[in-house]
Amino acid sequence: MNFQAITERFVNIMRQKAAQPSDASRPPESFAFYHQIRQLSQEPWTYEDSELQDLAMSILPLERLFEEATKREKEGDGSWNYQDYLIQSLLTWFKREFFSWVNSPKCERCQSDTNLVGACGPNLEESFQGCNNVEIYQCNSCSHQQRFPRYNKVRPLLFSRKGRCGEWACCFTFLCRALGTRTRWVWNAEDHVWTEIYSYKQNRWVHVDSCEESFDQPLIYEQGWGKKMSYCIGFSIDSVRDVSNRYIRNPENGNPRNRCPESVIGHAIKLLNEEFRSSLSEKDRSKLLDEDKREEEELLSYRTKGDVPSSALPARQTGSEGWKHERGEAGN
Ligand SMILES: [Zn+2]
């Protein structure tokens, strides 16, 4: 089914809904959210570029990562497999050696601290590299002003190797994919993004946050950071899923899910899965449906488990104190 047909189906459904008085104010907002989900769903497809994956192979310290994964597998308790340990090794290297967090960049002239003084659109070259927004910083010492382009495309990030959550999640999710793992890029409505990888050992999607070097700690945001959330949606090339239940265990303390009726988001996700899986074999589609069922059960089970103690979960490591406070991520 093509995009136009899907959109027409959706518009018809929304027209029917608009005829019902209680939903009269819903359609435009719902439509915007539907479009946003469709747009976000394109992200994992950009990781499938084989030339880009070859470039990743030339950048990654493969021998070291393979050795480290083998060692972890030998010393591990058998709950993960080699591929999972490979991602854990990648995570350590990515966080500690490859990528840098930028609160505000150092002055390119005198290396002093800088302050954000504004923003502007990208120039032609930045735009070509996939930059949508440029932050302007002024040096506290020499007053020099410099640009900090925010990239959300893999290629420039493989070279700049710096940024905040968006850049980290984009580059790390891509590298997991380049290493042959099934990956999801997870979008959160409260301005955070992270990764999920599929573990064939555990038969489930596993949370990974490269900014925090966090592996399988889905409650780190709600319980560790004290972050209030509404929607978390995972996107891969063959599976789109509302994974909010995995990350939001106490929705009554979270932000309200009021961007559109639940039926609309369910419908949007269903259509995307149909579309993404349309070229797969019957056998592969059936495997994915089994996986969907397992995940549905897993996600539903979190609704009945209740609160989970936060003692073991770390506070947010990345970002300045002021920035974390502004974002409601400075802990409870
Ligand atoms: Zn300076």
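This write-up is about the structure you can find in this document.

The rules we used
Residues numbered from 1 in each chain as written. Predicted model: local features only at pLDDT ≥ 70, side-chain atom pairs only at ≥ 80, totals over all residues. Heavy atoms only, no water. Axes fitted to C-alpha atoms, helices over the stretch in contact; angles between N-to-C directions. Helix = DSSP H or I, 4+ residues; strand = E, 2+ residues; numbered from the N terminus. Parallel < 35°, antiparallel > 145°, perpendicular 65-115°, else oblique. Left-handed = near helix turned anticlockwise from the far one by under 90°. Contact = heavy atoms within 4.5 Å. Donors = N, O, S within 2.8 Å, 3.2 Å for Na, K, Ca; no water. Tetrahedral: all angles 85-135°; square planar, octahedral: opposite > 155°, others 65-115°. Pairing = 2+ DSSP bridges. Salt bridge = Lys/Arg side-chain N within 4 Å of Asp/Glu carboxyl O. Buried < 20%, exposed > 50% of the residue type's maximum accessible area, 1.4 Å probe, protein only. Nonpolar A, V, L, I, M, F, W, Y, C, P; charged D, E, K, R; others polar. Polar contact = N/O pair within 3.5 Å; in protein donor to acceptor, adjacent residues only side chain to side chain. Phe/Tyr/Trp six-rings, centres within 6.5 Å; stacked < 30°, edge-to-face > 60°.

Quick notes on the packing of helix H4 (residues 62–75) against helix H5 (residues 82–98)
Phase 1: At a minimum axis distance of 8 Å, the contact between H4 and H5 shows a crossing angle of 125°. Considered as vectors, H4 and H5 are oriented oblique to each other. Here H4 and H5 pass one another in a crossing that is right-handed. Here H4 contributes Arg64, Leu65, Phe66, Glu68, Ala69, Thr70, Arg72 and Glu73 to the contact with H5, which in turn contributes Tyr82, Tyr85, Leu86, Gln88, Ser89, Leu90, Thr92, Trp93 and Glu97.

What about the coordination of the zinc ion?
Phase 1: Cys107 (SG), Cys110 (SG), Cys139 (SG) and Cys142 (SG) make up the full set of protein donors to the zinc ion, lying at 2.3 Å.
Phase 2: Seen from the zinc ion, its four donor atoms lie at angles of 99 to 121°, and the figure they make is tetrahedral.
Phase 3: Along the chain, the residues that donate to the zinc ion are spaced as C-x2-C-x28-C-x2-C. One end of the pair, Cys107, is in the loop between strand S1 (100–101) and strand S2 (114–120); the other, Cys139, is in strand S3 (residues 131–139), and 32 residues separate them in sequence.

What to know about the sheet that holds S2
Phase 1: Taken in spatial order, the three strands line up as S2-S3-S4 in an open sheet, and their pairing is antiparallel. For this open sheet the edge positions go to S2 and strand S4 (145–151), each flanked by a neighbour on one side alone. The average undirected angle you get between the axes of adjacent strands in this sheet is 35°.
Phase 2: In this sheet, S3 lies alongside S2 in antiparallel orientation, the contact comprising six bridges. The residue of S3 that forms the bridge with Gly118 is Ile136.

Let's talk about the pattern of salt bridges
Phase 1: If you walk through the whole model with that rule in mind, you get 33 salt bridges.
Phase 2: Notably, a salt bridge pairs Glu126 with Arg147, separated by 2.8 Å at the nearest N-O pair. Placement of the pair is Glu126 in helix H6 (residues 124–128) and Arg147 in strand S4, with a sequence separation of 21 residues.
Phase 3: By relative accessible area, which is 9% here, Glu126 ends up buried.
Phase 4: Between Glu262 and Arg257 there is a salt bridge, with its nearest N and O atoms 2.8 Å apart.
Phase 5: Residue classification places Glu262 among the partly exposed residues on the basis of a relative accessible area of 42%.
Phase 6: Each member of the salt-bridge network shares a partner with another, and the members are Arg184, Glu196, Arg241, Arg246, Arg277, Asp292, Glu295, Glu296 and Glu298.

Focus: the packing of H5 against helix H8 (residues 165–178)
Phase 1: It is the contact of H5 with H8, at a shortest axis distance of 11 Å, that shows an interaxial angle of 145°. Here H5 and H8 pass one another in a crossing that is right-handed. Listed contacts from H8 to Ile87, Leu90, Leu91, Trp93, Phe94, Lys95 and Phe98 of H5 are Trp168, Cys171, Phe172, Leu175 and Cys176.
Phase 2: Here the contact of H5 with H8 is composed, by residue class, of eleven nonpolar, no polar and one charged.

Digging into the side chain of His207
Phase 1: Inspection of the secondary structure assignment puts His207 in strand S8 (residues 204–209).
Phase 2: In this structure the side chain of His207 is engaged in a polar contact, spanning 3.0 Å, whose partner is the backbone nitrogen of Gln217.
Phase 3: With residues near it in sequence (within four places) discarded, His207 still touches Trp194, Thr195, Glu196, Ser214, Phe215, Asp216, Gln217, Pro218, Ile220, Tyr221 and Tyr247.

A few points about unusual backbone geometry
Phase 1: Not every positive phi belongs to a glycine, and Arg161 is a case in point at roughly 55°.
Phase 2: Relative to the helices and strands, Arg161 resides in the loop between helix H7 (154–160) and strand S5 (162–163).
Phase 3: Non-glycine residue Glu213 carries a positive phi angle of around 50°.
Phase 4: Here Glu213 lies in the loop between S8 and strand S9 (214–215).

What to know about the packing of aromatic side chains
Phase 1: Within the structure shown, the criterion is met by 23 aromatic pairs.
Phase 2: Relative to Trp168, the ring of Trp101 lies with its centre 6.2 Å away and its plane at 50°, an arrangement referred to as tilted. Here Trp101 is found in strand S1, whereas its partner Trp168 is found in helix H8, with 67 residues between them in sequence. Of the two residues examined, Trp101 and Trp168, each falls in the buried class.
Phase 3: Counting every residue linked through ring pairs, the aromatic cluster contains Trp93, Phe94, Phe98, Phe99, Trp101, Trp168, Phe172 and Trp323.

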